[in-house]
Amino acid sequence: MKVVCTVSVLFMCSWLVQAQSNVAPVEPKAPQSFDLTAIDKTADPCTDFYQYACGNWKKNNPIPPDQVKWGQFAQLRERNDWLLYKELEAAAAPNPKRTPLEQKYGDFYAACMNTELVNQKGAAPLQSTLDAINAFSNKKQLATVLATLEIRDGISGAFAFGVAQDQKDSQKQIAQAGQGGLGLPDRDYYLLDNPRMQKIRQDYIAHMSRMFQLAGDTQEKAAAEAQAVMAIETALAQGSMSRTDRRDPAKRYHIMTLADLEKLTPDFHWQSYLHGIDMGTFQTLNVSYPQFFTALNAQINTQSLETWKSYLRWRAIHDAARWLPDAFVEENFKFYDTELLGQEEIAPRWKRCTQATDEGLGEAVGQDWVKKYFSPEKKANMLTLVSALEAALHQDIEQLPWMSDDTKKKALEKLALIRNKIGYPEHWRDYSTLEVKRDDLLGNIARASIFEDRRNLKKLGKPVDETEWGMTPPTVNAYYSPPFNDINFPAGILQPPFYDYSKDAAVNFGGIGVVIGHEMTHGFDDQGSKYDGKGNVAEWQTAEDRKAFTERTDCEVKEYGGFEAVPGLKLNGQLTLGENTADNGGLRIAYTALMDTLAKDAPAPEIDGYTPAQRFFLAFGQVWCSNVREQAARNYVLTDPHSPGNWRVNGAVENFDQFGKAFGCKKGAPMYPENACRVW
Ligand SMILES: [Zn+2]
């Protein structure tokens, strides 16, 4: 039976959503590293290695209805969420023995789980925000209204504003203004002229209209408001820089005085905005893409006050939607998750609340989580692996056939300066000033967002904290930061299938070893190579070496640009270039590190019928075993700088001759081609 929730039956519909989403959690299976049952022995590894490594896994692991992409990454994330959920459930009980931290994250989670109260309150928690927008009576006040929404309600407005390192002087933290203000995932969703995007735009307008009605507007008013929002967002999208162009730091760097910025946007009162958000004083700032602010100013100038009020109402309703009564949650889910990504069912409430608590208070809940799940021994072992990878990259750079000795010296200097951050931060974020109320979900979400905003704005002019982390400890991911020149591995990823000390070295080098190598190589990809070891944008390659580098990266752009994400839709080789370069470099140096490690001992035996080299490649391939919904795959082509799992595996192994040798492939086979691409 299909039930349609309308405004009039808003609260009648509530129980339906709850009935689906409050399913009792079941402990998810822990993913395993090196899974023999995943292998499809009917496939030829030399023709399609991904199918060989993952074919049976793909067949036996359909995408759960509350996911859009299902793979080893997602399985580990489910597991971490579940472990975190257990902690949060325990901390949510109002027990007088709770520590102050447990009280804080326990109450945050409890407020989120209290759907009865959320539904009872209806849209009331949003009212003071909507009142502030209603009181807006002159376009000259736009800057003040945006500042109020940001600092009082935690709502991001029509652009991005914050503090970050000056990319030419990474020791300095400066103000930065950038593009933003869109409700669809990318500017291309507004600009591409194909039937799928046209339909998405139409459905987006219909979705906005329904949301406005849920917030209390008449059908007629809601429809007009949706059109108004679309007009402003389309103009902002037209003024935005593409994701591919944003990869180039030079294109994102335009230092200006405040007077210059005021000249660029004469209809926006920057002084009022900066005063409103309580920003410190500064002489210059970086305006990443001045054209965006020209487009914004034109909209301020030409659109009516009513149009702007509709736009701001949308920002407020959309930002809050996931934390309002079920009818809002459901409508938001249907458009953003089902239509755009193909998700069939909403994730149960406990998962959404666990993730929200991790997002809002990650270093509070994370510090208790690592005590249980990340031992000092794991950290020490991980540091040994990192050293082996550093030595291998050192060796790789020294032996590079295309690079001059001068540039090699500079590359090695940069490598030596990479800072390794493993598991969790040395100093934990202090949340003592963040107020959490057990009966105020939307308020908690807003206060957590304001807390982060304040923390960021206060960095202006202060020394850089090199110990800071950009991911929470339970996160299943890792990153390299060019201005910090550091690699960061949260405790969340340092588990099977990536990292498993009960397994042989080949499996760990193929898993977490490749991930470490991948992050290090980011320091030397199309984007990272434009920064020096101190994190400043500065050319350290000779002109000739840069030319040779670009010839090699162009080879990867062409190669990956020929791969299809779904039939008929090819990858963007330029957008994915950095990740592809990192995958290729990571695989090569992890393999070298493994061989150097194995050479110290007696020859390693075959295990399960596979040589150490074969186990290395299989462990690598299986990290990427995954199934993806078609809508999500189409979305990723436009928005995700990573290639899909199958191409991450096949693209990398076909560029590395040791793979063909390990599996005895014939030269010229698809995975052992005559001509391959190589950067690092
Ligand atoms: Zn990466």
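Reading guide: rules and limits
- Numbering of residues starts from 1 in every chain and runs along the sequence as written.
- In keeping with the model being predicted, local features are shown solely for residues with a pLDDT of at least 70 and side-chain atom pairs are shown and tallied solely at 80 or more, while totals for entire chains, interfaces and linings include all residues.
- The side-chain numbers reported here are obtained from all heavy atoms of the structure, hydrogens and water having been left aside.
- Put simply, DSSP marks the helices as runs of H or I at least four residues long and the strands as runs of E at least two long, and each gets a number from the N terminus on.
- Here the globule rule is a power law, 2.2 Å times the number of residues to the power 0.38, and the radius of gyration is based on C-alpha atoms.
- Accessibility here uses a 1.4 Å probe with only protein chains present; expressed as a share of the type maximum, an area under 20% marks a residue as buried, one over 50% as exposed, and anything in between as partly exposed.
- Contacts: residue pairs with any heavy atoms within 4.5 Å of one another.
- Per-residue accessibility takes into account occlusion by the displayed protein chains alone, with areas from the Shrake-Rupley method and a 1.4 Å probe.
- Note on charges: Lys and Arg go in the positive column, Asp and Glu in the negative column, and His and the chain ends are not counted at all.
- In this description, the location of a charge corresponds to atom NZ of lysine, CZ of arginine, CG of aspartate or CD of glutamate.
- Water is not part of the atom set, so a site may look incomplete; the donors themselves are N, O and S atoms within 2.8 Å of the metal, or 3.2 Å for Na, K and Ca.
- Axes here refer to lines fitted to C-alpha atoms; in helices the fit is confined to the stretch in contact. Angles between the N-to-C directions go from 0 to 180 degrees.
- The scheme is simple: roughly parallel for angles under 35 degrees, roughly antiparallel for over 145, roughly perpendicular for 65 to 115, oblique for anything else.
- Here a crossing is called left-handed whenever its near helix is offset anticlockwise from the far helix by less than a right angle, and right-handed whenever the offset is clockwise.
- By the convention adopted, Pro, Cys, Tyr, Trp, Phe, Met, Ile, Leu, Val and Ala count as nonpolar, Lys, Arg, Asp and Glu as charged, and the other residues, Gly among them, as polar.
- Each Phe, Tyr or Trp ring, with Trp reduced to its six-membered ring, pairs with another whose centre is within 6.5 Å; inter-plane angles below 30 degrees give stacked pairs, above 60 give edge-to-face pairs, and intermediate values give tilted ones.
- Consider the ring centre and the ring normal. A charge sits over the ring if Lys NZ or Arg CZ is within 6 Å of that centre and within 35 degrees of that normal.
- Each nonpolar core is a collection of buried residues, namely Ala, Val, Leu, Ile, Met, Phe, Trp, Tyr and Cys, held together in the definition by side-chain atoms within 4.5 Å.
- One requirement defines pairing of two strands: DSSP has to find at least two bridges between them.
- By this rule, a helix spans an expected 1.5 Å times one less than how many residues it contains.
- Residue-level confidence of the predictor is what pLDDT reports, using numbers from 0 through 100.
- In the analysis that follows, any N or O atom pair within 3.5 Å is treated as a polar contact, provided that within protein one partner can donate a hydrogen and the other can accept it, and provided that, for residues neighboring in sequence, both atoms belong to side chains.
- To count as a disulfide, a pair of cysteine sulfur atoms needs to be within 2.5 Å.
- Two kinds of site are reported from a 1 Å grid over the protein atoms alone, namely cavities, where a 1.4 Å probe fits but cannot get out, and pockets, open sets with protein on both sides within 12 Å along at least five of seven lines, and residues are called lining when an atom falls within 4 Å of a point.
- Grid points are joined across faces, edges and corners, and a volume is the space filled by probe spheres set on the points.

(A) Molecular detail of the overall build of the protein chain. Counting secondary structure elements, the protein chain contains 26 helices and 11 strands. Expected size for 680 residues packed as a compact globule is a radius of gyration near 26 Å; at 26 Å, the protein chain falls within 12% of this value. Projected onto its principal axes, the C-alpha coordinates of the protein chain cover approximately 75 × 55 × 55 Å. Put simply, the protein chain has 680 residues, and 59% of those count as buried. Of the contacts made within the protein chain by residues no fewer than 6 positions apart, 75% connect residues no fewer than 24 positions apart. When the accessible surface of the protein chain is summed, it comes to about 28200 Å², and 52% of that surface belongs to carbon and sulfur atoms. For the protein chain, the distance from the average site of its 75 positive side-chain charges to the average site of its 88 negative ones is 1 Å.

(B) Layout of the coordination of the zinc ion. All of the protein donors around the zinc ion are His-518 (NE2), His-522 (NE2) and Glu-579 (OE); their distances to the metal are 2.0 to 2.1 Å. Taken in sequence order, the residues that donate to the zinc ion follow the motif H-x3-H-x56-E. Separated by 4 residues within a single helix, His-518 and His-522 lie in helix α20 (residues 505-522), roughly one turn from each other. Overall, the relative accessible area of 10% leaves His-522 in the buried class.

(C) Structural context of the packing of α20 against helix α22 (residues 577-599). Packing of α20 against α22 leaves a shortest axis separation of 6 Å and a crossing angle of 135°. When the interaxial angle is binned, α20 and α22 end up oblique. Considering how the two elements wind past one another, α20 and α22 form a crossing that is right-handed. Of the residues contributing to the contact of α20 with α22, the split by class is 11 nonpolar, 10 polar and 2 charged.

(D) Seen up close, the packing of helix α17 (residues 376-399) against α22. Two elements in contact, α17 and α22, have axes separated by 8 Å at closest approach and are oriented at 110°. It follows that α17 is roughly perpendicular to α22 by the angle criterion. With respect to the hand of their crossing, α17 and α22 are arranged in right-handed fashion. In this structure, α17 uses Ala-388, Leu-389, Ala-392, Leu-393, Gln-395 and Asp-396 to contact α22, whose residues at the interface are Arg-588, Ile-589, Ala-590, Thr-592, Ala-593, Asp-596 and Thr-597.

(E) Just the packing of aromatic side chains, in detail. Within this structure, the stated rule accounts for 43 aromatic pairs. A ring pair is formed by Phe-335 and Tyr-336, whose centres lie 5.0 Å apart and whose planes are at 85°; its orientation type is edge-to-face. On the basis of relative accessibility, which here comes to 3%, the residue Phe-335 falls in the buried class. Centre to centre, the rings of Trp-402 and Phe-549 are 6.1 Å apart; their planes meet at 45°, and the pair counts as tilted. Of the two residues, Trp-402 is situated in the loop between α17 and α18 (405-416) and Phe-549 in helix α21 (residues 543-561); the sequence distance between them amounts to 147 residues. With respect to class, Trp-402 is no different from Phe-549; both count as buried. Through a chain of ring-to-ring contacts, three or more aromatic side chains come together here, namely Phe-49, Tyr-52, Tyr-591, Phe-616, Phe-617, Phe-656, Phe-659 and Phe-663. Positioned above the aromatic ring of Tyr-424, the side-chain terminus of Lys-379 is 5.0 Å from the ring centre.

(F) Structural detail: the nonpolar core. In terms of nonpolar packing, the biggest core is built from 187 residues, with Phe-49, Phe-159, Phe-161, Tyr-273, Phe-489, Ile-512 and Phe-617 touching the most fellow members. Per-element tally for this core: the top contributor is helix α3 (residues 72-92), with 9 residues. In this structure, Phe-617 is in contact with Phe-49, Leu-587, Tyr-591, Val-653, Phe-656, Gln-658, Phe-659, Ala-662 and Phe-663, ignoring residues within four places of it in sequence.

(G) Quick look at the sheet that holds strand β3 (residues 169-178). In space, the 4 strands of this open sheet follow the order β2-β3-β5-β4, with mixed pairing throughout. Bordering the open sheet on either side are β2 (160-166) and β4 (255-257), each of which pairs with just one other strand. Shown here is a sheet whose adjacent strand axes are inclined to one another by a mean of 45°, direction ignored. Note: β2 against β3, 7 bridges, orientation antiparallel. The partner of Val-163 across the bridge, within β3, is Ala-175. Across the sheet, helix α13 (residues 290-302) touches β3, β4 and β5 (284-287), and the angle it forms with β3 is around 25°.

(H) Highlighting α3. In this model, α3 (21 residues) spans 30 Å end to end at C-alpha, consistent with the 30 Å of a helix rising 1.5 Å per residue. Burial of α3 is extensive: 16 of the 21 residues sit out of reach of the surface.

(I) Focus on the confidence of the model for the protein chain. A residue-level look at the protein chain finds 97% of positions with pLDDT of 70 or above and a mean pLDDT of 95. Confidence drops under pLDDT 50 across residues 1-20; counting only partners more than four residues distant or on other chains, this segment forms 20 contacts.

(J) Inspection of the side chain of Asn-627 at higher detail. Looking at the secondary structure, you find Asn-627 in strand β11 (residues 626-628). One polar contact links the side chain of Asn-627 to the main-chain carbonyl oxygen of Lys-58, over a distance of 3.0 Å. Side-chain polar atoms of Asn-627 contact the backbone oxygen of Asn-61, separated by 2.9 Å. Excluding residues that lie within four positions of it along the chain, Asn-627 makes contacts with Trp-57, Lys-58, Asn-61, Pro-62, Ile-63, Val-68, Lys-69 and Trp-70.

(K) Expanded view of the pairing of β2. By the criterion of burial, β2 is predominantly enclosed, with 5 of the 7 residues buried. Where β2 folds back on β3, the antiparallel hairpin that results is connected by 2 residues.

(L) Representation of the sheet that holds strand β7 (residues 479-481) in the model. Taken in spatial order, the 3 strands line up as β6-β8-β7 in an open sheet, and their pairing is mixed. The open sheet has two free edges, formed respectively by β6 (419-423) and β7, since each of these has just one partner strand. Going across the sheet, the axis of each strand differs from the next one's by a mean of 15°, ignoring polarity. Each of β7 and β8 (486-490) is contacted by α20, which is oriented at about 150° to β8, the strand it contacts most.

(M) Summary view of the state of the cysteines. This model, assessed by the stated rule, comprises 4 disulfides. Residue Cys-46 pairs covalently with Cys-665 via a disulfide, S to S 2.1 Å. Taking the sign of the torsion about the S-S bond as the criterion, the disulfide between Cys-46 and Cys-665, at about -85°, is left-handed. Taken as a pair, Cys-46 in the loop between α1 (10-21) and α2 (49-60) and Cys-665 in the segment after α26 (657-662) lie far apart in primary sequence, 619 residues in all. Taken as a pair, Cys-46 and Cys-665 share a single burial class, namely buried.

(N) Geometry of empty space enclosed by the protein. Evaluation of the coordinates by the stated rule reveals 3 cavities of 30 Å³ or more. What the largest cavity holds in volume is close to 90 Å³. Contributing to the lining of the largest cavity are 15 residues, with Val-118, Lys-121, Pro-125, Leu-441 and Leu-442 lying nearest its centre. Taken together, the elements giving at least two residues each to the lining of the largest cavity come down to α5 (115-121) and α19 (441-457). When residues of the lining of the largest cavity are assigned to their parent elements, the largest contribution, 3 residues, is made by α5. Across the lining of the largest cavity, the residue classes tally to 9 nonpolar, 2 polar and 4 charged.

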